[in-house]
2 protein chains.
Amino acid sequence: MKVAELSATSGATVATLKYYLREGLLHPGHATAVNQAEYDDTHVRRVRLIRALQELGKLGLADVALVLAAVDDESIELHAAFGLAQDVMVPNRHRDPDTFTAALADVDRFVLRHDFHLRPDAAVRLMMADAIVALQTFGGLKDSSAFDRMVESAKTQAAAELATVPDSAPRSQQMELSVVGTVVTEIAAAAVRRMALEDASWRRFGPGARPPAVCAPAACAP
Amino acid sequence: MKVAELSATSGATVATLKYYLREGLLHPGHATAVNQAEYDDTHVRRVRLIRALQELGKLGLADVALVLAAVDDESIELHAAFGLAQDVMVPNRHRDPDTFTAALADVDRFVLRHDFHLRPDAAVRLMMADAIVALQTFGGLKDSSAFDRMVESAKTQAAAELATVPDSAPRSQQMELSVVGTVVTEIAAAAVRRMALEDASWRRFGPGARPPAVCAPAACAP
DNA sequence: GATAGTAGAGAGTGACACTATCTGTTACGG
DNA sequence: CCGTAACAGATAGTGTCACTCTCTACTATC
């Protein structure tokens, strides 16, 4: 297919695709002439992966490029590449050493407690420590034990999620699926959490003096 | 306290604080002279809330302002304000009507199935539909039933989370806690998910020919 | 009374993700 | 075979965002 068709299929404008090509986010098409190239299914999937990481995962294009590099580098083991991709998805931010170090140590105890096999410097530890510091700051939490109850279901769900990645698929597609699954299932899980939270808020604060202006969507829709 | 102390306590530079004041994100201090003002604990908490929403929640300052408006508007019921704040935290993005409508209908069935009391137009529905569309695109999913298993623990955790908001606290602090709790606990939950995922990836892909270069952090650290 | 800090306001900055325009070339319908 | 549209590749420009800088005028403090 030519650029116009790739644009129509993937949803990105031609100008944007050219930009991705220039930046090396998208591999060049097969050139058939000095000003003609053919694009295929791998380009479509790549563009969609970029958009998913960017819009759903809220990654900058520089970080997207790092994830893509891990996806593409055949010399890295699948598990290691997956870890690298995950690391990129943890934002870098300023961290106050005083409060942060203690939280990180707490996270490491959490990891040990639940027998998580993580790379020793896995960035996800920082992510959890950030959350703990923030919750402590607002007085809602003492330590990581509040999250112990999440572990069991998370482990079950993670195993089920990875099981959807077919053993037979080529490595690149296994990586794509793993990475996109991490990001997107995270969104879905967050959505479920928020639904439960709004539901709980309704039960806690909602039904006041007058009947609340809330209900299940289909029961309200005309 | 004066601006320099507020800066030291909150972590934002004086220039940034002035910017927040100009933009109306931060309420003015109590003026004691034409060029002097006193700031207090409410300013510190507000700045921290702004930074949490911005850095952890990845909201733009315009969206932060909307959340703050919902937090501050005493004329809105707590439950409604909480819903508004949640809506802001769902990003606006281009959605292809063809695929999206079906996914949204699926989400509404999901909501009914689990008896979630949501406002009929709650934006969290769009968020979940986005995730479903993305997963369908990458061939990993057919419908929302894959998320049914998340609901029970999400409901339990949401109730527990809201229970940490004291009944006696002033409304503004109840809102702050609810909002910051939504964002930050979401990060923590995502971190737990990712740990479980990396753990599962290790079990699935990790232990290859040679012993894997992974282990629980404390067991590896010198 | 010198110095440092402050309020308020406007202009400037750098990163980011495109977007527009240009040149030269090729494909294709009539 | 001709006119138009589309294409590759390259450079320059755009709009947004979240600050950051600079300036004036004034105040607190040593």
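Residues numbered from 1 in each chain as written. Chains lettered and ligands numbered in written order. Predicted model: local features only at pLDDT ≥ 70, side-chain atom pairs only at ≥ 80, totals over all residues. Heavy atoms only, no water.

## As for the pairing of strand β1 (residues 30-33) of chain B
Residues and elements named next belong to chain B. Inclusion rule: Any two strands with at least two DSSP-identified bridges between them are counted as paired. The secondary structure listing takes helices from DSSP runs of H or I that are at least 4 residues long and strands from runs of E that are at least 2 residues long, numbered from the N terminus.
With three bridges joining them, β1 and strand β2 (residues 36-38) adopt antiparallel strand pairing. Residue His30 lies in a different strand from β2, and its bridge partner there is Glu38. Between the antiparallel neighbours β1 and β2 lie two residues.

## Topic: the protein's contact with DNA strand D
What counts, and what does not: Only a single heavy atom is needed: when it lies within 4 Å of a molecule or strand, its residue is near that molecule or strand. Pairing of N or O atoms within 3.5 Å defines a polar contact, subject to two protein rules: one partner must be a possible hydrogen donor and the other a possible acceptor, and residues neighboring in sequence count only if both atoms are side-chain atoms. Under the grouping applied here, Gly and all other residues not named as nonpolar or charged are polar, the nonpolar ones being Ala, Val, Leu, Ile, Met, Phe, Trp, Tyr, Cys and Pro and the charged ones Asp, Glu, Lys and Arg.
Near DNA strand D there are 22 residues, and of these Tyr39 of chain A together with Tyr19, Val34, Asn35 and Gln54 of chain B occur at the shortest range. Within 4 Å of the protein, atoms of DNA strand D come from sugar and phosphate in 68% of cases. Residue Asn35 of chain A places a side-chain N or O atom 3.1 Å away from a base oxygen belonging to DNA strand D. The set of elements that each furnish at least two residues to the surface near DNA strand D consists of α1 (3-10), α2 (14-23) and β2 (36-38) of chain A together with α2 (14-23) of chain B. Tallied by class, the residues present in the surface near DNA strand D amount to eleven nonpolar, seven polar and four charged.

## Digging into the protein's contact with DNA strand C
Around DNA strand C, a shell composed of 22 residues is seen, among which Val34, Asn35 and Gln54 of chain A together with Arg22 and Asn35 of chain B lie nearest. The sugar and phosphate moieties of DNA strand C supply 64% of its atoms located within 4 Å of the protein. Between DNA strand C and the protein, one listed contact pairs a phosphate oxygen with a side-chain N or O atom of Tyr20 of chain A at 3.2 Å. When residues of the surface near DNA strand C are assigned to their parent elements, the largest contribution, five residues, is made by α2 of chain A.

## So, the interface of chain B and chain A
For clarity, the threshold we go by: Whether two residues touch is decided by their heavy atoms; if any such pair falls within 4.5 Å, the residues are in contact. Using a 1.4 Å probe, buried area is obtained as the accessible area two parts lose upon being combined, added over both of them. In the sections that follow, a salt bridge refers to a side-chain nitrogen of Lys or Arg positioned within 4 Å of a carboxyl oxygen of Asp or Glu.
At the interface, 91 residues of chain B touch 91 residues of chain A. With both sides pooled, the region where chain B packs onto chain A buries about 9,100 Å², and carbon together with sulfur makes up 69% of that total. Interface area lost by chain B to chain A is led by Phe138, Arg194 and Met195 of chain B, which between them contribute 10%. The tally of links from chain B across to chain A stands at ten salt bridges. Measuring nitrogen to oxygen at the nearest pair gives 3.2 Å for the salt bridge that ties Arg204 of chain A to Asp167 of chain B. On inspection of chain B and its partner chain A, the count reaches 22 residue pairs in polar contact (both at pLDDT 80 or more). Of all the secondary structure elements, the ones that give two or more residues to the side of chain B that touches chain A are α3 (41-56), α5 (78-88), α6 (97-113), α7 (124-137), α8 (148-163), α9 (171-205) and α10 (217-220) of chain B. Here the side of chain B that touches chain A takes 27 residues from α9 of chain B, the largest share from any one element. Across the side of chain B that touches chain A, the residue classes break down as 55 nonpolar, twelve polar and 24 charged.

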